[in-house]
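A structural walkthrough
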Amino acid sequence: MRKSFYFLLLCLMSVTLTAQDKEIGEFQNSDEKINPDAFDRELLNQLVLKEVNMFMDSVGLEGFIDSKFLTKIAEDHAAEMAVNSSASTEGKGKTKDVRSRIQYYGGSGIGDELVMRFSIKTTEAYYTYEELARNIVLKWSSSVRTVRKLNREEFYQAGVGSALDDSKKKVYVSFFMGNYYTQNAGAYRIDEMTVPYTTKKYGLNPWDYAPCRKTKRYFPDIVDLQDGLSINQNGEIIFKFNDLRHFKRLIRSKKDGLAVDIVQKSQYKNCKAANIVDYERVNRGIMTKRMWSKKIYKKNIAPAEGKRQRVTKLEVILGELPEELNPEDVELNLMIIQNKHVCHNIPPSFKIDAGYEYSQKIDLMPDTIVPEGVPAYKPEATTNKFSFRIPFERNKYDYKMEDIQPVVNTLNEPDFIINKVHVAAYSSLEGNVKANEKLQKQRAQSIVNALKRNQNESLIDSVSAQANWDDFKKDVMSTVYEKMAAMTKEEAIQHIQSKGLAKKLEPILKNHRYADVTVWVTYDIDGDKEEMYVLDQFNKAIKAGDLAQALSIQKYMLEQVAQGNYEKQSVDGMEIPEGADYAGLNMNKICMQKMTYNDIIDEDYQENINELWKLDEKNPYIYFNKLYCGVLLNDVTDEYVREDLQAEVDYLYDFELPKKQIDLLNIEMQYHLMDEFKDSVGYDHPIVVESLERIKDIIIFDEVNWQNSLKLASVFLNHGDYDYAFSLLNPFIKEDNVFPELLFTYISLCSKVDFKYHSNKFVLAMEKARETDPDRFCDLFKGKEAFPRQVFANDKIKQMYCETCK
């Protein structure tokens, strides 16, 4: 099927090419019959490159520019094949295969080759050069293996060589392909680095089709895994990913693993010299020791979370930053290893979103519609009065804040400022009354002083002291000392002293020595203290049954969580009962927990939301979230599940919910369908075609133009399908006046899509960006959301940067 498709394309091309201008060669012209005695190799080479580029363009792929370095290799190999009468990429000794042949000429080994042996005549007559070139490309294009090589769009430079055999009947053609990694001009400089470049291989091999072909099937947005790398305060390099189960689909076999490639920015800083990097190696700089799958999961330090206390995330230390380097001096590449092969060496990347209406990603939708008449909540410091008790230790007279704080903590009150305090100190009945009173006042005053010093602000204070007669009478009841409860206080004191009962009564008396502290406070809501105050106000509203006020406060909390101002403790601290009346509030708590824990939607979330739906089936927000979980987790390959889910999503449009949010959910549904079914036959699968049409209807994609293409690209960019987003924008880059947002979105996508740094169209886009807005062009190399220095592997980009930005 595929062979016949490409054959048809080339046939159509041949009709078109006959009308084109002929090429003038050194000995013959392109439309002349080949004269084997005056064979023009240069002309044929030129025509083969031209025909290949025309074929690439006809199938929507970018063509090649001529490379002198690759041409030399191709010419020599073509001559060698002609001598040996064998068209093969394999050779002997130092040129045993494509990789070693490139290395033999001083290159990195990165590249590929197409070879061909072809008769220069039919049984009746010689071909013209144009016919011969076209037939060679036609034969290449009928090979699935060859087309697969071209479809990867890894290479954008080419060199062509050709030679006749001794019989002058057959021509041997070599078509070498490469990119900016191929020539490897700066490899000799790696010894210049202060911190040594890693030359140890750790048993790792370069990319190979067989072990690496499925990585992007498991992770279409595999480039974003690099975002999980960071350097902590101890100089340790941490890798985090928030979906452990999904990650195990990628790193699962014994010799699958991860490593970090630490690239120093200084390797690319010299505008007048080659970059210090050896592309022959699997690493670009300082490589940490690879970590195999078993050790990755054994060393996972992500905590167990949720009701079931399961570890659902990955957090692992992959290595350490050399002491000589600072984090700002380096770029961290994530190396993805499959069966000992480095399938991906992923540098930092970024994306620029044009900000269209449907470009943001959908998430759980909170219920924040506050009943009419309930004002929007804004934290304001309120006052309160409460009391607490401080037990006295025998023979201790001076109390400090560390003695008081544990008692204050048990109140579970937010931070406060004391305006007024009264300390009532109580003594037990043994001892001298006046001495006890003096001692208790001393204790009480020490408590007041400690509170003053703690808040460093003045307060109104008063103290009192007395013997604890009421507690004594109560506590001696039903004991052998019960008759003392009928005495007066003075008689009881005299009785204890005269009979020497103090020691015997100590188990009772020790409970009577304490201070009752009453404070009048204003809650402190400055800075970080606001969070716990607002949480306290929420919980008090819940306890008071004021659910409207609780929702208003919760809405404010949600805004703060979304902005990163509030953290886990305030979300987890919300004390919401179960039941239908509280379903909406509990739904909002789930939304906030997902944000603060950076969770993915899993079966636990789905189960909890489904339970809330059973409690309150009239709540449209819970229904929306129930369907969102279904879109993400249900088996959409089942036709009945798929149709029922789509019907429910369509039914949502009848609810009083924001249409835009329902549209985003619908787009999410279509994207998941495409992601599920495009693996088999790509975007031609009927369900994929149907889903794509649904998305176009939602965003009103009524004609193919740059506006609609940018709008649709924003949807796919937001879902991590960078390849498809790129393909939507790619046709417009060659236009004379490219819309700036489309241009810069396309440029950022070149950091996300494999090998686009090497693309000639990328260079064209960057030239247009420089002409359009030089300042914004230079901003592409500054800050976090910018190109890594490794983009300077492309010599033309480095030259533009050096001319414009330095």
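Bear in mind that the values here come from a model prediction, so they are computed numbers and not experimental data. (Residues numbered from 1 in each chain as written. Predicted model: local features only at pLDDT ≥ 70, side-chain atom pairs only at ≥ 80, totals over all residues. Heavy atoms only, no water.)

**What to know about the overall build of the protein**
Helix and strand content of the protein: 30 helices and 16 strands. C-alpha atoms of the protein, sized along the principal axes, occupy 140 × 65 × 50 Å. The proportion of buried residues among the 806 residues of the protein is 51%. Once local pairs closer than 6 in sequence are excluded, the contacts in the protein between residues at least 24 apart make up 72%. (Helix = DSSP H or I, 4+ residues; strand = E, 2+ residues; numbered from the N terminus. Buried < 20%, exposed > 50% of the residue type's maximum accessible area, 1.4 Å probe, protein only. Contact = heavy atoms within 4.5 Å.)

**Some points on the sheet that holds strand β4 (residues 170-178)**
The strands making up a sheet are joined through hydrogen bonds of the backbone, oriented either antiparallel or parallel. Reading across the sheet, the 4 strands line up as β1-β3-β4-β2 and stay open at both edges, with mixed pairing between neighbours. Unpaired on one side and paired on the other, β1 (65-66) and β2 (112-119) mark the two borders of the sheet. On the sheet, helix α5 (residues 129-141) packs against β2 and β4 and is oriented at approximately 125° with respect to β2. (Pairing = 2+ DSSP bridges. Axes fitted to C-alpha atoms, helices over the stretch in contact; angles between N-to-C directions.)

**Details of a positive patch on the surface**
Taken together, Lys200, Lys254, Lys289, Lys294, Lys295, Lys298, Lys299 and Lys340 make up a surface patch of like positive charges. Following the sequence through the fold, Lys289 ends up in the loop between β8 (286-287) and β9 (291-292). The exposure class of Lys289 is exposed, given its relative accessible area of 54%. (Patch = residues over 30% accessible without salt bridge, like charges linked within 9 Å, V, L, I, M, F, W, Y side chains within 5 Å. Areas by Shrake-Rupley, 256 points an atom, 1.4 Å probe, with all protein chains shown as cover. Salt bridge = Lys/Arg side-chain N within 4 Å of Asp/Glu carboxyl O. Lys, Arg positive; Asp, Glu negative; His and termini not counted. Charge placed at Lys NZ, Arg CZ, Asp CG, Glu CD.)

**What about the packing of helix α27 (residues 740-749) against helix α28 (residues 760-772)?**
For the pair α27 and α28, interaxial distance at closest approach is 10 Å and the crossing angle is 135°. Classified by the interaxial angle, the pair formed by α27 and α28 is oblique. Along this stretch, α27 crosses α28, giving a crossing that reads as left-handed. Across from Pro740, Leu743, Phe744, Tyr746 and Ile747 in α27, the residues of α28 making contact are Lys761, Phe762, Ala765, Met766, Lys768, Ala769 and Thr772. (Parallel < 35°, antiparallel > 145°, perpendicular 65-115°, else oblique. Left-handed = near helix turned anticlockwise from the far one by under 90°.)

**Brief notes about a negative patch on the surface**
A cluster of acidic side chains, namely Asp635, Asp638, Glu639, Glu643, Asp644, Glu676 and Glu690, defines a negative patch on the protein surface. Among the elements that line the negative patch, the one with the most residues is helix α22 (residues 639-651), at 3 residues. Along the chain, Glu676 turns up in helix α23 (residues 659-681). Residue classification places Glu676 among the partly exposed residues on the basis of a relative accessible area of 44%.

**Focus: the nonpolar core**
Core analysis: the biggest nonpolar cluster contains 156 residues, and Phe175, Phe239 and Phe716 have the highest contact counts within it. Sort the elements by how many residues they give to this core and α23 lands first, with 9 residues. Here Phe239 is in contact with Leu225, Gly228, Leu229, Phe247, Leu258, Leu314, Glu315, Val316, Leu318 and Leu334, once residues within four sequence places are set aside. Membership of the second largest hydrophobic core comes to 47 residues, among which are Ile418, Ala541, Leu551 and Ile553. (Core = buried A, V, L, I, M, F, W, Y, C linked by side-chain atoms within 4.5 Å.)

**Focus: the packing of aromatic side chains**
All told, the structure shown has 33 aromatic pairs when counted by the stated rule. Centre to centre, the rings of Trp613 and Tyr623 are 4.8 Å apart; their planes meet at 20°, and the pair counts as stacked. Within this pair, whereas Trp613 is found in helix α20 (residues 603-615), its partner Tyr623 is found in helix α21 (residues 620-633), the two being separated by 10 residues in sequence. On the basis of relative accessibility, which here comes to 14%, the residue Trp613 falls in the buried class. Residue classification places Tyr623 among the buried residues on the basis of a relative accessible area of 5%. Grouping aromatic residues by their ring pairs yields a cluster made of Phe350, Tyr757, Phe762, Phe777, Phe781, Phe787, Phe792 and Tyr801. The aromatic ring of Tyr181 is capped on one face by Arg284, whose charged end is 4.8 Å from the ring centroid. Stacked on the ring of Phe701, the Lys or Arg Lys696 has its end atom at 5.2 Å from the ring centre. (Phe/Tyr/Trp six-rings, centres within 6.5 Å; stacked < 30°, edge-to-face > 60°. Lys NZ or Arg CZ within 6 Å of the ring centre and 35° of its normal.)

**Focus on the pairing of strand β7 (residues 257-264)**
In terms of residue burial, β7 counts as a mostly covered element, since 8 of its 8 residues are buried. Residues Gly257, Ala259, Asp261 and Val263 line one face of β7 and the alternating positions Leu258, Val260, Ile262 and Gln264 line the opposite face, and both faces are buried. Here 8 bridges tie β7 to strand β11 (residues 330-338), and the two strands are oriented antiparallel to one another. Looking across to β11, one finds that Leu258 is bridged to Ile336. Relative to β8, β7 runs antiparallel, the two being bridged by 2 bridges. Bridged to Ile262 within β8 is Ile286.

The values reported here are purely geometric and, on their own, carry no functional implication.
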